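The lines below spell out each chain.
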Protein chains: 2
Amino acid sequence: MVEDRLRGMDRATAGDGGQAVNNADRGQFMSQDVVIGIDGGGTKTRAVVVTVEGEFLGEALGPSSNFQVLGPEKMARVLGECIQQALEVAGRKDLRLRRISAGLAGVGRPSDRERALQAMRGLGFDAEYQVDSDAVAALTGAFAGGQGIIVIAGTGSICFGKGADGCVERSGGWGYLLGDEGSGYYIGQQAIIAALKDLDGRGPATQLRPALERRYGLERIDRIIPKVYQGEIDRTEIANLAPLVFQTAAQGDAVAQEVIQRAGEELGKLAAAVARRLTWSDKVVRVAPIGSLFRQIHVLAPHMERELRKAGVPFEMVSPMFDPAVGAALLGLEAEGITIDDSLCRKLAASVGSRTGGPRE
Amino acid sequence: MVEDRLRGMDRATAGDGGQAVNNADRGQFMSQDVVIGIDGGGTKTRAVVVTVEGEFLGEALGPSSNFQVLGPEKMARVLGECIQQALEVAGRKDLRLRRISAGLAGVGRPSDRERALQAMRGLGFDAEYQVDSDAVAALTGAFAGGQGIIVIAGTGSICFGKGADGCVERSGGWGYLLGDEGSGYYIGQQAIIAALKDLDGRGPATQLRPALERRYGLERIDRIIPKVYQGEIDRTEIANLAPLVFQTAAQGDAVAQEVIQRAGEELGKLAAAVARRLTWSDKVVRVAPIGSLFRQIHVLAPHMERELRKAGVPFEMVSPMFDPAVGAALLGLEAEGITIDDSLCRKLAASVGSRTGGPRE
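Worth saying up front: this structure is predicted, and the values here are computed from it rather than measured. (Residues numbered from 1 in each chain as written. Chains lettered and ligands numbered in written order. Predicted model: local features only at pLDDT ≥ 70, side-chain atom pairs only at ≥ 80, totals over all residues. Heavy atoms only, no water.)

Side note on the pairing of strand 9 (residues 285–290) of chain A
Two faces, one strand: in a regular strand the side chains alternate between the faces of the sheet. Residue and element names in this part refer to chain A. Taking burial as the measure, the six residues of strand 9 include six buried ones, the bulk of the element. The two faces of strand 9 match: Val285, Val287 and Pro289 on one face and Arg286, Ala288 and Ile290 on the other face are all buried. One crossover worth recording links strand 9 to the parallel strand 10 (residues 315–317) by way of helix 14 (residues 297–310), and it is right-handed. (Buried < 20%, exposed > 50% of the residue type's maximum accessible area, 1.4 Å probe, protein only. Helix = DSSP H or I, 4+ residues; strand = E, 2+ residues; numbered from the N terminus. Right-handed = clockwise from strand over helix to strand, strands pointing away.)

Have a look at this one:
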């Protein structure tokens, strides 16, 4: 299995190993078939160019391309510019673009996926098009199409897993009103609530209260209420409080520590639920954390692992093999009938490394 | 103390006691000074007419008069019509209207209170005007101006208490994103989350899942997500799920029972926090539950009482003496220099009873 052989690969071995060969220079005058992989998210868009042999040629970044926010036409325009730029960055005039494979946020419904596809076809590239959800692209990238579980935690949280039979299951991701447990939003929200409960005398005293008052220049913590409901402190900003909560916890505040512990447990529960629902042929199930919250993986991991152990599935926490844009490219290669084998993955990891200093997370 | 003497009074003794005298008929041809008390809420408005001797003459109901939703002018129009109608219901031509005292929702800020007052003055009644928050009116009504704690739980939740020194403290009420613990919204939201966790395999199986699927005709519980975020199932509707959760709990569902238990504990914590923060000269602190959620007081009370006992303050759960509109009238009488004594409260309770079959909750 590809994923078994690549398991140990991390940033260092992929980027600095002597095996990294930059085929982009070597093949300057040969015609080359490529696919474009796109990670179209709510805050940014990334397009990568990968050859059918698995060589990473270049990438480009663009603004948000969320389908629900922009609608099909605007979204397609963002993707189009990003694709064009990625092809230019790839820097070769003899590229034959065979397929554009996009992993897009906000295309949960098949009808939305179809509308996104139609709009992309209007861009006029001489290529096949395909659209998957951003989560499927992330899952495919993380394990090069193989088995495993990704736990995504940024502003929100969600978990996806792919089992031995190719089945994909999810848990969480029900949004800020009904879910997003363990996410940045969850941590920020729980911190504000804990500070308000301190004020009320319903909860223990916590340094989160003066910390939040300082951050927003509040005379008293309850002045935060209108700012939250009037959107001055919006969901993204609440999620941005997570580092402050980690910091307060690190300084020994028991309430902040409990918020962090609960968040880690919730993230572990997301993974444990998916682990239980799938069948596995690997001896250990790989669990890859993805997203900005995992800058604090050393703090969160022990709590996550405790919940995973409860699920009774042997697991190991790993870094994702490839980022979601490369994941989308892999989906594109598969659709072109190309086998995602060991050799291709090694070449891809090495060329990603040589281009960027290491595979992305 | 008025409140001590009236403590035992409930619907039956107030409404059916032989002391009830309907002065409205007796004083037909005597000029009579009255105040209007108004409970201006988010779903309805209620105006009551009370004489300076404490006789309840009549009441009228109108639509919502929330200041934040309607703005000052529209709000004042609703109040004006309600006042006019209440005076007509009082049915006496010799009334001298001395004061209009309104307890209004949505006038938390002094500037809003001032704007509401200005708009009311424009109604042109020959009377003094005053505006307090709906919570102060409810607290005043519940204990006839005396010591005690009210726990309000409908769509949202909040708690207010008045101590021996006249100080008023609150807890909770931070809204659906940061508070409202134990409220109808809380119960409905927790029920939906529990059903989704059942689907995910993150939580135990629960009958809440099929119950919610049936209620909304959902093929599967996760179809509820877009309905919630697109507002088809709004906050009021989520709060309206509370009876379904109580019912599922009564049928023995452990998950629903846990939701209800947590709600009761949260409501108890609201009261306990206020109990701890005030000083009391009564031997026991009266705690009055107010709001639609307390139709299930027999289920909620044991959990609330457990939290109150933890606070170490002797307490008893009581029914509110008077409703918030009468509370507003009492605030008006006080402002007119009238002492809210035992005799006035007895007369008021008796006449409320004779008019309506018992004091309101």
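Now, onward.
A short note on the confidence of the model for chain A
All names here are of chain A. Averaged over all residues, the pLDDT of chain A is 88; the fraction at 70 or higher stands at 90%. Segment residues 1–29 is flagged for pLDDT under 50; beyond a separation of four residues in sequence, or across chains, it makes 56 contacts in the model. In this model residues 357–361 is a low-confidence stretch, pLDDT under 50, and it forms 17 contacts with partners more than four residues away in sequence or in other chains. (pLDDT = per-residue confidence, 0-100. Contact = heavy atoms within 4.5 Å.)

Comments concerning the interface of chain A and chain B
Counting residues at the interface gives 29 residues for chain A and 29 residues for chain B. Surface buried jointly by chain A and chain B totals about 2600 Å² across both partners, of which 57% is contributed by carbon and sulfur atoms. Area buried by chain A at its contact with chain B is led by A:Trp174, A:Leu178 and A:Arg202, which between them contribute 31% of it. Joining chain A to chain B, the criterion identifies six salt bridges. For the salt bridge of A:Glu181 with B:Lys197, the shortest nitrogen-to-oxygen distance reads 3.9 Å. For the pair chain A and chain B, the number of links is 22 residue pairs in polar contact (both at pLDDT 80 or more). For the side of chain A that touches chain B, the secondary-structure elements that each account for two or more residues are strand 8 (168–172), helix 7 (175–178), helix 8 (184–200), helix 10 (224–229) and helix 13 (254–277) of chain A. (Buried area = accessible area lost by both parts, 1.4 Å probe. Salt bridge = Lys/Arg side-chain N within 4 Å of Asp/Glu carboxyl O. Polar contact = N/O pair within 3.5 Å; in protein donor to acceptor, adjacent residues only side chain to side chain.)

Some details on the sheet that holds strand 1 (residues 32–40) of chain B
Residue and element names in this part refer to chain B. Across the sheet, five strands lie side by side as 3-2-1-4-5; this open sheet has mixed pairing. Each having just a single partner strand, strand 3 (56–62) and strand 5 (128–133) make up the two edges of the open sheet. Strand-to-strand twist across the sheet, computed as the mean angle between neighbouring axes with direction ignored, equals 20 degrees. Both strand 2 (residues 45–51) and strand 3 contribute to a ladder of six bridges, which runs antiparallel. (Pairing = 2+ DSSP bridges. Axes fitted to C-alpha atoms, helices over the stretch in contact; angles between N-to-C directions.)

Some words on the relation of the copies chain A and chain B
Of the two same-sequence chains, chain A is brought onto chain B (RMSD 0.1 Å, axial shift 0.0 Å) by a rotation of 180 degrees. As the rotation angle and translation indicate, the two copies are arranged about a two-fold axis. Among all C-alpha atoms of chain A, that of A:Leu177 lies closest to the rotation axis, at 3.9 Å. (Least-squares fit on C-alpha atoms with pLDDT ≥ 70 in both.)

Some details on unusual backbone geometry
Residues and elements named next belong to chain A. Unlike most non-glycine residues, Ala144 shows phi in positive territory, near 50 degrees. Its location among the elements puts Ala144 in the loop between helix 6 (134–142) and strand 6 (148–153). Its relative accessible area of 6% is what places Ala144 among the buried residues.

Thoughts on the sheet that holds strand 8 (residues 168–172) of chain B
Residue and element names in this part refer to chain B. An order of 8-7-6-9-10 is seen for the five strands of this open sheet, with the pairing classed as mixed. Two strands bound the open sheet, and with one partner strand each, they are strand 8 and strand 10 (315–317). Ignoring strand direction, the axes of neighbouring strands in this sheet form an average angle of 20 degrees. Relative to strand 9 (residues 285–290), strand 6 (residues 148–153) runs parallel, the two sharing four bridges.

So, the packing of helix 6 (residues 134–142) of chain B against helix 15 (residues 324–335) of chain B
Residues and elements named next belong to chain B. Running from amino to carboxyl end, helix 6 crosses helix 15 at an angle of 90 degrees, the nearest separation of the two axes being 7 Å. Taken together, the axes of helix 6 and helix 15 are roughly perpendicular relative to one another. Where helix 6 abuts helix 15, its residues Val136, Ala137, Ala138, Thr140 and Gly141 lie against Pro324, Gly327, Ala328, Leu330 and Leu331. Classifying every residue of the contact of helix 6 with helix 15 gives seven nonpolar, three polar and no charged. (Parallel < 35°, antiparallel > 145°, perpendicular 65-115°, else oblique. Nonpolar A, V, L, I, M, F, W, Y, C, P; charged D, E, K, R; others polar.)

Overview of helix 4 (residues 67–90) of chain A
Residue and element names in this part refer to chain A. The terminal C-alpha atoms of helix 4 lie 26 Å apart, and with 24 residues this falls more than 12% below the ideal 34 Å at 1.5 Å per residue. Glu73 marks the point of greatest bend in helix 4, at about 80 degrees. Between a side-chain oxygen at the N-terminus of helix 4 and the backbone nitrogen of Gln68 the separation is 2.8 Å; the capping residue is Asn66. Gly91 occupies a position one or two residues after helix 4 and carries a positive phi of about 70 degrees. (Expected span 1.5 Å × (residues − 1). Bend = angle between axes of the 7 residues up to and from the residue.)

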